[in-house]
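Now for the letters of each chain:
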Amino acid sequence: MLLAGVLLCAPAAVTAQSDGIQGDPVSDASGSFLVGQVLIGPICPVVRIGQGNQCADQPYAGTLSVRTTSGDQEVTQVLADAQGAFATELPPGTYEIVPLSPPGAILPRGIPQTVTLDAGQTTTVEVHYDSGIR
């Protein structure tokens, strides 16, 4: 349900949540949208019977570095909101999404992933952070 709201308002969220774009963002019909949800988990050290959703991964306001596939050049950074939602407009292509740990910290640690954006399309991803709780 939350992602449906992000998809409907993605153009408005692009300017509010993108930061550090090198060069001008693509704003014509050939642009592509990357939207998604950032989650962190585990949030409980031991999951016990009956805890159910209490220990499910939770939304996380993380910072994502969107990089070239070689990983050596950052294209933009995207900030997820308090509900973990994010959206940005990018040229079509293949990118590596690298969740950044908070400055000076090693945890939480994100799990990088590769995503391909097609021209004029919206691609939805789920980004996960490992909280380090065991």
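Observations regarding the overall build of the chain
Here comes step 1: Helix and strand counts for the chain stand at two helices and ten strands.
Here comes step 2: Going from the N terminus to the C terminus, the chain shows its helices and strands as α-α-β-β-β-β-β-β-β-β-β-β.
Here comes step 3: Burial status across the chain gives 37% buried among its 134 residues.
Here comes step 4: Relative to all contacts within the chain whose residues are 6 or more apart in sequence, the contacts with residues 24 or more apart total 63%.
Here comes step 5: A total accessible area of about 7,300 Å² is found for the chain, and carbon and sulfur atoms account for 56% of it.

Side note on the confidence of the model for the chain
Here comes step 1: Counting all residues, the mean pLDDT for the chain is 81, and 76% of those residues have values of 70 or more.
Here comes step 2: Taken as a whole, residues 1-28 scores under 50 in pLDDT and shows 46 contacts with residues more than four places along the chain or in a different chain.

Here we look at the pattern of salt bridges
Here comes step 1: On inspection of all chains with the given rule, the structure shows one salt bridge.
Here comes step 2: One salt bridge connects R134 with D130, and the closest N-O pair in it is separated by 2.6 Å.
Here comes step 3: When its relative accessible area of 63% is taken as the criterion, R134 is described as exposed.
Here comes step 4: Take D130: its relative accessible area is 17%, and that puts it in the buried class.

Looking at the pairing of strand 7 (residues 93-100)
Here comes step 1: Pairing analysis gives six bridges linking strand 4 (residues 63-68) to strand 7, with the strands arranged antiparallel. Note that in strand 7 the partner of T68 across the bridge is Y95.
Here comes step 2: Sheet analysis places strand 7 next to strand 9 (residues 113-117), joined by five bridges and oriented antiparallel. Looking at strand 9, one finds that G93 is bridged to L117.

Digging into the nonpolar core
Here comes step 1: Residues L34, V38 and F86 are the most contacted members of the largest nonpolar core, which totals 18 residues.
Here comes step 2: For this core, the secondary-structure elements that each account for two or more residues are strand 2 (32-41), strand 4, strand 5 (74-79), strand 6 (85-90), strand 7, strand 9 and strand 10 (122-130).
Here comes step 3: Discounting residues that sit within four places of it in the chain, V38 has contacts with Q58, P59, Y60, G62, L64, A80, G84, F86, V127 and Y129.

What counts and what doesn't
Residues numbered from 1 in each chain as written. Predicted model: local features only at pLDDT ≥ 70, side-chain atom pairs only at ≥ 80, totals over all residues. Heavy atoms only, no water. Helix = DSSP H or I, 4+ residues; strand = E, 2+ residues; numbered from the N terminus. Buried < 20%, exposed > 50% of the residue type's maximum accessible area, 1.4 Å probe, protein only. Contact = heavy atoms within 4.5 Å. Areas by Shrake-Rupley, 256 points an atom, 1.4 Å probe, with all protein chains shown as cover. pLDDT = per-residue confidence, 0-100. Salt bridge = Lys/Arg side-chain N within 4 Å of Asp/Glu carboxyl O. Pairing = 2+ DSSP bridges. Core = buried A, V, L, I, M, F, W, Y, C linked by side-chain atoms within 4.5 Å.

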